[in-house]
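# Observations on the model geometry
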Amino acid sequence: MSRGRPRDVDRFVSFCICRSVPKRVTAIKFSLDEKHIYLSDKAGDVHKYVADGSDEGELLLGHVSMLLDMVLTPDDQFIVTADRDEKIRVSCLPNAYNIAGYCLGHRDFVSQVKIHPKLHHLLLSGSGDGCIGLWNYNTASCLDLLPLPHEKDEEAVFASCICCCSVTGLIAVVGVLSDLLWFFRVAEDERHLEFITRTRLAAPPLHLAFTADQMLLILVRSNRNPLLLVSASDVLKTNKVQFTNNQAYFGDTDLSLQDWDFNEGIDLPIDYTTLKKSAYDNTVDYRERKRRRLEGRDKDEHEISTVRKKDQNREDTL
């Protein structure tokens with residue numbers, strides 16, 4: 001068995017199609033009928049492909065900045081793209097050159113966008129400014145921007161993964177390279193986010209996913225116990241996080257990954273810290289030169305004034 005390859009992988013995965021893309025892909029989404037695939041890339045473009053691989057792809061839209069995430073609305077009427085320049089763009093489908101609006105309000109790059117699975121008119125977002133955003137994408141309006149809660153002695157982090165339960169509406173959030181897991185919900189007025197609780201894990205999680213029976217699966221970097229389970233309904237009832245026993249949920253299924261090399265088998269989460277823009281003031285040198293020029297001018301004027309006074313005094317003496 002090759003290194004970094006789980007047991008019996010060939011029983012579950014089969015190779016279908018391989019195609020090349022112009023740039024590194026940042027998000028992959030299927031259309032509602034699963035006949036088309038949408039790819040966003042680091043060049044800021046979104047390409048549309050036929051799922052069976054029978055076409056060369058179509059350039060659908062482009063940004064002037066790197067795209068970090070993308071999502072399709074449940075009715076396939078809009079495509080929502082998030083870029084490095086704090087913008088969330090809502091474009092119409094199939095003619096994505098028709099822009100329905102921009103969701104503006106974040107102060108740094110937008111790392112995540114998700115459509116709420118119960119409230120389909122609401123959009124969730126994560127950003128480098130450390131906030132979780134709630135938007136009505138139909139009107140491109142910002143409903144709420146809630147910072148990820150943290151203690152005074154903790155460094156502020158921003159979301160790398162947002163996951164929503166389609167049954168309960170519970171929202172789970174993971175921070176970049178953070179071992180904390182936050183839980184939120186949308187308020188009854190559907191205009192605010194409410195913080196429920198948070199918990200600290202043994203290691204930074206790699207990914208989150210909700211099952212149809214309201215269980216949150218948390219993938220962590222552990223060969224012995226790579227999956228942690230949390231019941232969404234229990235979190236909403238008790239406002240606490242209690243982990244479910246894996247054996248009680250999965251039975252005798254062996255979930256250990258003793259022969260899996262996490263360093264090769266699973267990519268590390270994107271280090272979004274490299275996307276933060278460095279503040280650079282290009283007027284410092286200009287202001288310094290101007291100060292010196294003005295000081296020199298004042299000095300010259302002072303010397304001229306002194307000479308004139310001496311001449312005047314000499315004339316008065318004569």
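Above this text sits the structure in question.
Read on for a plain summary of the structure. Note that residues are indexed from 1 along each chain, following the sequence as it is written. In keeping with the predicted nature of the model, local features appear solely for residues at pLDDT of at least 70, side-chain atom pairs appear and are counted solely at 80 or more, and the whole-chain, interface and lining totals rest on all residues. To get the side-chain values, take all heavy atoms of the structure and skip hydrogens and water.

### Things to note about the sheet that holds strand β17 (residues 205–210)
- The four strands are arranged β17-β18-β19-β20 in an open sheet whose pairing can be described as antiparallel. Where the open sheet ends on each side, the last strands, each with one partner, are β17 and β20 (243–244).
- DSSP bridges decide pairing: two strands pair if at least two such bridges lie between them. The helix count covers DSSP runs of H or I at least four residues long, the strand count covers runs of E at least two residues long, and both are numbered beginning at the N terminus. Summarising the sheet, strand β18 (residues 215–220) and strand β19 (residues 227–231) pair through five bridges and their orientation is antiparallel. Bridged to L219 within β19 is L227.

### Re the pattern of salt bridges
- Counted as salt bridges are all cases of a side-chain nitrogen of Lys or Arg within 4 Å of a carboxyl oxygen of Asp or Glu. The tally for this structure, following the rule as stated, stands at six salt bridges.
- In this structure, the salt-bridge partner of K87 is D83, at a minimum N-O distance of 3.1 Å.
- Connected through salt bridges with shared partners, the residues E288, R291 and R292 form a single ionic network.

### A few points about empty space enclosed by the protein
- A pocket, in this scheme, is an open set of points on a 1 Å grid over the protein atoms alone with protein on both sides within 12 Å along at least 5 of 7 lines, while a cavity is a set where a 1.4 Å probe fits but cannot get out; residues line either one if an atom lies within 4 Å of a point. Grid points are joined across faces, edges and corners, and a volume is the space filled by probe spheres set on the points. Taken as a whole and assessed by the stated rule, the structure comprises one cavity of 30 Å³ or more.
- As a volume, the largest cavity reaches approximately 30 Å³.
- Looking at the lining of the largest cavity, the elements with two or more residues in it are β2 (36–41) and β3 (45–50).

### Quick notes on the sheet that holds β3
- What the four strands build is an open sheet, ordered β1-β2-β3-β4; its pairing is antiparallel. Edge positions in the sheet fall to β1 (25–30) and β4 (58–62), since each has one partner strand and no second. Taken pair by pair, the neighbouring strands of this sheet meet at an average axis angle of 25 degrees, ignoring direction.
- As defined by bridge partners, β2 adjoins β3 across five bridges and the pair is classed as antiparallel. In the strand pairing of β3, Y38 is matched with K48. Each axis is a line fitted through C-alpha atoms, and for a helix only the stretch in contact is used; angles between axes span 0 to 180 degrees, taken between their N-to-C directions.

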